[in-house]
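If you want the building blocks of each chain, they are given just below.
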Amino acid sequence: MKLLVLGGTHHVGRAVVEAALERGDKASTLNRGLSRAPARGVRPLLADRTDTESVRQALGDTEWDAVIDTWAWAPKVVRDSARLLSGRAGHYGYVSSRGVHRWPWPADADEQAPLVDGDPASTDDADYAAAKRGGELAVLESFGERALLARAGMILGPYEDVGRIPWWLRRLEKGGRVLAPAPAQTPLQYLDVRDLATWMLRSAERGLNGAFTVTGPPGATTLGDLLTTALDVTGFDTELVWTPPELLLRHGLPLGMEFGLRLPDGSVPSGMHDADVSAALAEGLTTRPLRETLADTWAWLQAEGDPVPRADAPSPDTWLDAAAEQRLLDQLSH
């Protein structure tokens with residue numbers, strides 16, 4: 001395909017570009033050109049997406065078979081880009097989020113679960129759920145049945161800039177005893193970023209449209225699987241001390257929140273890790289082994305260092321009070 005990736009240097013966008021090049025697609029990226037040099041073989045288009053005229057000039061009169069958009073902020077930016085591309089691209093894939101569903105998420109929810117309200121013309125990005133829903137509506141406004149809305153769950157793998165697995169790997173790397181939120185049998189639902197990228201590209205090629213919940217199969221892995229596999233692939237000499245969530249909460253330790261296992265008030269949310277993904281699986285979504293995801297994430301961290309913390313989220317360095325963790329570990333050892 002002739003592909004345009006809006007973004008293309010961070011997390012999902014970077015994975016999409018690499019998957020496209022592996023497939024033999026002719027890829028262009030549109031971004032400000034500030035964070036990373038373009039990958040070899042990519043045609044870079046430079047523009048600030050918040051400046052519509054800048055985007056217009058960068059696009060020129062080029063046409064594409066498909067567009068992939070990873071924007072996560074003000075919906076108006078998505079709307080403006082989609083309008084500019086509506087007559088020159090055959091397909092528009094938007095990386096959305098399960099966050100567009102109204103809270104609390106019902107257990108075993110599929111694509112029909114209630115949605116939050118969104119405004120495609122909004123310039124506000126303070127409410128992530130509303131911004132993503134507004135982005136969806138902006139894409140549908142211009143592309144209709146040529147649009148694919150990939151409502152992703154927890155995305156792991158190389159290039160992750162949220163900090164979940166990089167944070168845990170660095171924490172395990174220190175060795176010794178570390179707290180882990182019990183029980184180890186807690187189910188987790190996630191998707192490797194490269195599996196998301198591959199599915200979106202194949203779907204674009206086929207002209208698949210509509211909204212899909214895109215994450216791994218429910219019940220496929222647990223928190224214990226994730227952390228013990230991380231220790232296995234890295235070889236770290238670290239002991240996991242599985243600790244009841246109520247004890248962690250009492251000591252002001254938010255472990256588990258990074259995986260959506262509990263909320264700041266200590267309550268356990270429903271629907272986080274049991275989504276019905278049968279529709280995406282039926283349309284060709286495949287998932288790689290957990291071991292491969294973790295090993296490749298660790299290899300990336302070793303090669304490139306820790307990702308720069310996201311500007312729209314607290315730095316992972318502030319997540320856990322090391323002194324409070326040690327106090328609790330000392331208490332548990334007696």
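This one's a predicted model, so the numbers in the text were calculated from it and none came from an experiment.

Caption draft 1: Here's a closer look at the sheet that holds strand β4 (residues 66–69). Judged by pairing direction, the sheet is parallel, and its 7 strands sit side by side in the order β3-β2-β1-β4-β5-β6-β11 without closing on themselves. The sheet terminates laterally at β3 (43–46) and β11 (210–214), the two strands that pair on one side only. Within the sheet, the average angular offset between the axes of one strand and its neighbour, ignoring direction, is 20 degrees. The pairing of β4 with strand β5 (residues 92–97) spans 3 bridges and is classified as parallel. Counted as the bridge partner of Asp 69 is Tyr 94 from β5. The strands that helix α4 (residues 128–143) touches are β5 and β6 (147–152); relative to β5, the one it contacts most, it runs at about 165 degrees. Seen against the sheet, helix α6 (residues 193–206) touches β1 (2–6), β4, β5, β6 and β11 and runs at an angle of roughly 165 degrees to β6.

Caption draft 2: Representation of α4 within the structure. Between its first and last C-alpha atoms α4 spans 22 Å; for 16 residues at 1.5 Å apiece the expected length is 22 Å, and the two agree. Within α4, the full set of buried residues consists of Ala 129, Ala 131, Lys 132, Arg 133, Gly 134, Gly 135, Glu 136, Ala 138, Val 139, Ser 142 and Phe 143. Against α3 (75–85), β5 and β6 lie the buried residues of α4. Between the side-chain oxygen at the start of α4 and the backbone nitrogen of Ala 129 there is a gap of 3.1 Å, and the oxygen is on Asp 127. The first or second residue beyond α4 is Gly 144, which carries a positive phi of 50 degrees.

Caption draft 3: Here's a closer look at the nonpolar core. Core analysis: the largest hydrophobic core is formed by 36 residues, its most contacted members being Trp 168, Leu 172, Leu 179, Leu 226 and Phe 259. For this core, the secondary structure elements donating two or more residues are β7 (154–156), α5 (164–173), β8 (176–181), α7 (223–234), β13 (238–243), α8 (245–250), α10 (290–304) and α11 (322–332). In this structure Leu 179 touches Trp 168, Arg 171, Val 241, Thr 243, Leu 248, Leu 253, Leu 255, Glu 325, Leu 328, Leu 329 and Leu 332, once residues within four positions along its chain are discounted. Core analysis: the second largest hydrophobic core is formed by 30 residues, Ala 19, Ala 27, Ile 155 and Met 200 among them.

Caption draft 4: Seen up close, the packing of aromatic side chains. Per the counting criterion, the structure on display carries 7 aromatic pairs. Judged by centre distance (5.0 Å) and plane angle (80 degrees), the rings of Trp 71 and Trp 73 are edge-to-face. Owing to a relative accessible area of 32%, Trp 73 belongs among the partly exposed residues under this scheme. Where Phe 236 meets Trp 298, the ring centres are 5.2 Å apart and the plane angle is 85 degrees; that geometry is what we call edge-to-face.

Caption draft 5: Quick look at the environment of Tyr 94. Relative to the assigned elements, Tyr 94 resides in strand β5. Separated by 68 residues in sequence, Tyr 94 and Val 162 have C-alpha atoms that sit 19 Å apart. Residues within four places of Tyr 94 in sequence aside, it is in contact with Asp 69, Trp 71, Val 78, Ala 131, Lys 132, Gly 135, Glu 136, Val 139, Leu 148, Leu 149, Ala 150 and Met 200.

Scoring rules and cut-offs
Residues numbered from 1 in each chain as written. Predicted model: local features only at pLDDT ≥ 70, side-chain atom pairs only at ≥ 80, totals over all residues. Heavy atoms only, no water. Pairing = 2+ DSSP bridges. Helix = DSSP H or I, 4+ residues; strand = E, 2+ residues; numbered from the N terminus. Axes fitted to C-alpha atoms, helices over the stretch in contact; angles between N-to-C directions. Contact = heavy atoms within 4.5 Å. Expected span 1.5 Å × (residues − 1). Buried < 20%, exposed > 50% of the residue type's maximum accessible area, 1.4 Å probe, protein only. Polar contact = N/O pair within 3.5 Å; in protein donor to acceptor, adjacent residues only side chain to side chain. Core = buried A, V, L, I, M, F, W, Y, C linked by side-chain atoms within 4.5 Å. Phe/Tyr/Trp six-rings, centres within 6.5 Å; stacked < 30°, edge-to-face > 60°.

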